[in-house]
Structures are given as structure tokens and as C-alpha cells.
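Overview (structure and organization)
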Amino acid sequence: MGDSGAAVFLTTERLVLRRFTTADADRLVELDGDPAVMRFLTGGKPSPRGGVEGELLLRYLEHYRRYGDLGWWAAEERAGGAFLGWFEFRPTREGERGEVELGYRLRQAAWGRGYATEGARALVRLGFAELGVERVVAYTMAVNAGSRRVMEKSGLSYVRTFHEDYPEMIPGSEHGEVEYALTAGEWRARSGILGA
């Protein structure tokens, strides 16, 4: 599959979210190669290049073809264009657009600067105001306090703690995973927006 073009999807005060292209493979390999970035995902193990190029990146590109405006988005600094990582805003069930999963993975250099919250809030707003999304969900390990704060600052509320069976336990996984969510009705009420 060839490049789909680096079309801009969303711009915020400090971020540009754009479509991934096959030219982003090295950026994704570097991101997933940082043990700190992967701590709550794989216990710090890097994603192999073959998996990034042959699975992840192809999945991202395929989502654009199938859903257009729901998928994974490369995040860059608006000033300077530095690659920061990515945001996920994609359907939780095949062929359905009502419920989407919000996710993010940013380079360490971007941590603590409010980028995750800025991008997540913008996606939530776009999803409810323009894309017909009815519910946004997000998941992380219960011990991932940083990610939980981003979910809360983005308007999502704690729903539950649950336990998954993973082939390999990683530090902290014994405390389970958490789900956060926000519905369109809750978002409208908090935003002071009446009706649809």
C-alpha cells in the first residue's frame, strides 16, 4: 500500500494531527523503542520493526480507507513540525461509529507539557460536535496515573476496573486496567450545548 498523503486532520493551538504515511515507519519504530514510553504497554519491551511496518502502520492506513475520519493520527508540534507521537480516535466495534476509543502515545520529550490533554480534548470535541460519536472510551493500566489524569482532564469519568489475561505480566498489571468514558449527552451538558 502506498502513502495515503499526509493530510491534516485537526489543528489545535500547539498541535497538528495528520494522517500517517508509510514514510512515518522510522518515527513509529523510535517511539515504540523507548522503554519508558512502552512501560505500561509491554513492560518496556520495544515493538519490533517488522511489527510496526507490517502490522501497525498498515492498520493505521487501512483505517483511513474504511473510516476516513476515525483512526490513528500522527501528532506534530504546530511550531516547527517535530514528531510527538500519535492519537487514536477509532471505532471500538467494526463498522460502527457510535463508540470510539481515545488513546495517545507520546515521546518522552512531549510529556508534562499538556499535549496529551490538548489533543484528547480536541478529538472529544470534534467527535461529539461533528462526527456523530455518541460515546468515547479510554483504557489504561490502573497504575498509570499520568494517563488517568489526561482522561479526567479531557472530561472522561472513571467507569470500572477490570482484569485481562495477558501472556506476560508486566509490573503493575496485577492492579488491573481501568475504563473511562464520556457520552455525547454528558459532554453537551457540561459544555452548555443543548440538543444535538
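See the structure printed just above.
To start, this report covers the structure provided alongside it. Owing to the predicted nature of the structure, the values given are computational and were not obtained by experimental measurement.

What follows deals with the sheet that holds strand β1 (residues 8-11). Here we have eight strands laid out as an open sheet, ordered β1-β2-β3-β4-β5-β6-β8-β7, and mixed in their pairing. Strand pairing shows two members of the sheet lacking a second neighbour, β1 and β7 (157-162), which therefore form its edges. Averaged over all pairs of adjacent strands, the angle between strand axes in this sheet comes to 25°, irrespective of strand direction. The pairing of strand β4 (residues 83-91) with strand β5 (residues 99-106) spans seven bridges and is classified as antiparallel.

You can see R97 is positioned in the loop between β4 and β5. Looking at R97, the relative accessible area reads 30%, which means it is partly exposed. C-alpha of R97 to C-alpha of R135: the two residues are 38 residues apart in sequence and 9.3 Å apart in space. The contact partners of R97, leaving out residues within four places of it in the chain, are Y67, D69, L70, L131, G132 and V133. At 2.8 Å, the side chain of R97 forms a polar contact with the side chain of D69.

All right, on to the nonpolar core then. Generally speaking, nonpolar side chains in soluble globular proteins are found buried as a group. F20, F89, L102, V136 and L156 are the most contacted members of the largest nonpolar core, which totals 54 residues. The dominant element in this core, judged by the number of residues it contributes, is helix α4 (residues 115-129), at eight residues.

Counting buried positions along strand β8 (residues 177-183) gives six out of seven residues, so the element sits mostly inside the fold. By the bridge criterion, seven bridges tie strand β6 (residues 135-141) to β8 in an arrangement that is antiparallel. Across the sheet, R135 pairs through a bridge with T183, a residue of β8. Inspection of the sheet shows β7 paired to β8 by five bridges, in the antiparallel sense. In the sheet register, R160 faces β8, and the bridge partner there is E179.

Attention now goes to the packing of aromatic side chains. Inspection of the entire model under this criterion finds nine aromatic pairs. When the ring of F20 is compared with that of Y60, the centres are 5.1 Å apart and the planes differ by 35°; the resulting orientation is tilted. With F20 in the loop between β2 (15-19) and α1 (25-32) and Y60 in helix α3 (residues 49-67), the pair connects residues that are 40 residues apart, well separated along the chain. Across the pair, Y60 and F20 agree in class, each one buried. Ring centres of Y139 and F162 lie 6.0 Å apart, and the angle between their planes is 90°; on these two criteria the pair is classed as edge-to-face. Note that Y139 is positioned in strand β6 and F162 in strand β7, a separation of 23 residues in sequence. On the basis of relative accessibility, which here comes to 29%, the residue Y139 falls in the partly exposed class. The class for F162 is buried, based on a relative accessible area of 13%. Clustering of aromatic rings is evident, with ring pairs tying together F20, Y60, W72 and W86.

What counts as what
- Residues numbered from 1 in each chain as written.
- Predicted model: local features only at pLDDT ≥ 70, side-chain atom pairs only at ≥ 80, totals over all residues.
- Heavy atoms only, no water.
- Pairing = 2+ DSSP bridges.
- Helix = DSSP H or I, 4+ residues; strand = E, 2+ residues; numbered from the N terminus.
- Axes fitted to C-alpha atoms, helices over the stretch in contact; angles between N-to-C directions.
- Buried < 20%, exposed > 50% of the residue type's maximum accessible area, 1.4 Å probe, protein only.
- Contact = heavy atoms within 4.5 Å.
- Polar contact = N/O pair within 3.5 Å; in protein donor to acceptor, adjacent residues only side chain to side chain.
- Core = buried A, V, L, I, M, F, W, Y, C linked by side-chain atoms within 4.5 Å.
- Phe/Tyr/Trp six-rings, centres within 6.5 Å; stacked < 30°, edge-to-face > 60°.

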